[in-house]
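Observations on the model geometry
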Amino acid sequence: DAGVTQSPTHLIKTRGQHVTLRCSPISGHKSVSWYQQVLGQGPQFIFQYYEKEERGRGNFPDRFSARQFPNYSSELNVNALLLGDSALYLCASSETSGLYNEQFFGPGTRLTVL
Amino acid sequence: DQQVKQNSPSLSVQEGRISILNCDYTNSMFDYFLWYKKYPAEGPTFLISISSIKDKNEDGRFTVFLNKSAKHLSLHIVPSQPGDSAVYFCAASGETASGTYKYIFGTGTRLKVLA
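The model shown is predicted, which means the values in this text are computed figures rather than measured ones.

1. Some words on the nonpolar core
Counting residues in each nonpolar core, the largest one holds 24 residues, and the members touching the most others are Val 4, Phe 33, Trp 35, Leu 73, Leu 75 and Tyr 88 of chain B. Residue assignment for this core shows that the elements contributing at least two residues are β3 (19–25), β4 (30–38), β5 (45–51), β7 (62–67), β8 (72–77), β9 (86–95) and β11 (109–114) of chain B. Among all residues touching Leu 75 of chain B, those that are not within four sequence positions of it are Ser 19, Ile 20, Leu 21, Trp 35, Leu 47, Ile 48, Phe 62, Thr 63 and Tyr 88 of chain B. Listed in part, the 21 residues of the second largest apolar core include Trp 34, Phe 47, Tyr 49 and Phe 60 of chain A.

2. Structural notes on the pattern of salt bridges
A side chain of one charge can pair with a side chain of the opposite charge if their charged atoms are brought near each other. One pass over the full model with this rule turns up seven salt bridges over all chains. A salt bridge links Lys 56 of chain B to Glu 58 of chain B; its shortest N-O distance comes to 4.0 Å. What makes Lys 56 of chain B partly exposed here is its relative accessible area of 42%. What emerges from the salt-bridge pattern is a single network uniting Arg 22, Arg 67 and Glu 75 of chain A.

3. Considering a nonpolar patch on the surface
All names here are of chain B. A cluster of nonpolar side chains, contributed by Ile 18, Ile 20 and Val 78, occupies part of the molecular surface with about 220 Å² of accessible area. For Val 78, the position within the fold is in the loop between β8 and β9. Classification of Val 78 by relative accessible area gives partly exposed; the value is 41%.

4. Things to note about the sheet that holds β8 of chain B
Residues and elements named next belong to chain B. Strand order in the open sheet made by the five strands is β1-β3-β8-β7-β6, with antiparallel pairing throughout. Each having just a single partner strand, β1 (4–5) and β6 (56–59) make up the two edges of the open sheet. Note that β3 and β8 share six bridges and pair antiparallel. Looking at β8, one finds that Asp 24 is bridged to His 72.

5. Brief notes about the sheet that holds strand β1 (residues 5–7) of chain A
Residue and element names in this part refer to chain A. Here four strands make up an open sheet; going across it, the order is β1-β3-β8-β7 and the pairing antiparallel. Of all strands in the sheet, those with a lone pairing partner are β1 and β7 (64–68), marking the two edges. Each strand axis lies, on average, 15° off the axis of its neighbour in the sheet, ignoring direction. Alignment of β1 against strand β3 (residues 19–24), held across three bridges, turns out to be antiparallel. Residue pairing for β3: Gln 6 is matched across the bridge by Cys 23.

The rules we used
- Residues numbered from 1 in each chain as written.
- Chains lettered and ligands numbered in written order.
- Predicted model: local features only at pLDDT ≥ 70, side-chain atom pairs only at ≥ 80, totals over all residues.
- Heavy atoms only, no water.
- Core = buried A, V, L, I, M, F, W, Y, C linked by side-chain atoms within 4.5 Å.
- Buried < 20%, exposed > 50% of the residue type's maximum accessible area, 1.4 Å probe, protein only.
- Helix = DSSP H or I, 4+ residues; strand = E, 2+ residues; numbered from the N terminus.
- Contact = heavy atoms within 4.5 Å.
- Salt bridge = Lys/Arg side-chain N within 4 Å of Asp/Glu carboxyl O.
- Patch = residues over 30% accessible without salt bridge, like charges linked within 9 Å, V, L, I, M, F, W, Y side chains within 5 Å.
- Areas by Shrake-Rupley, 256 points an atom, 1.4 Å probe, with all protein chains shown as cover.
- Pairing = 2+ DSSP bridges.
- Axes fitted to C-alpha atoms, helices over the stretch in contact; angles between N-to-C directions.

In short, geometric facts, not functional conclusions.
Shown next as structure tokens:
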């Protein structure tokens, strides 16, 4: 079975641009979460979606948005990119939302903002 | 504010000995705690978890201990193997007052197991 897949693997953008990152969860998983990991830090929670509804949100500005599609794949959108948005963006899937769920992570998308 | 802290950025242990990785948290809302292992260029991989109603969970060479009163958890790896060399993250999850969920990761501890 395929694990969590993310695209693209690497991306270079300039300040002020917009970016869309994509994630496909493990087959049968209905929940997707997004994390940002900057160098030397742990992953920071951005969003969780379950059955196309937002179930959790971290402390990120409104420039960050996401959505989940009927096939449970998800997109993370970031508008008006800043240099500080340069990071590894991780997607994780789980069978359901809620606390007691093991999350399976994808390999991430490395975003560089110049 | 850093609600989940891993105060040791790195740890070196001899092969065959015990590795102990520590994690402290500040928020009483956390109900579920997890440990992940991360190799370079890969996403974190789930290792072991524990809910707040337990004080110990064991899975093979990995044991997690939770001390709720001290808001402290630890991961024990016995015996340590060179393949265990990786960055280890502890994570905590809880339900907010509005019924949504929050997941907080620590900053990680880089474990090096020496052959």
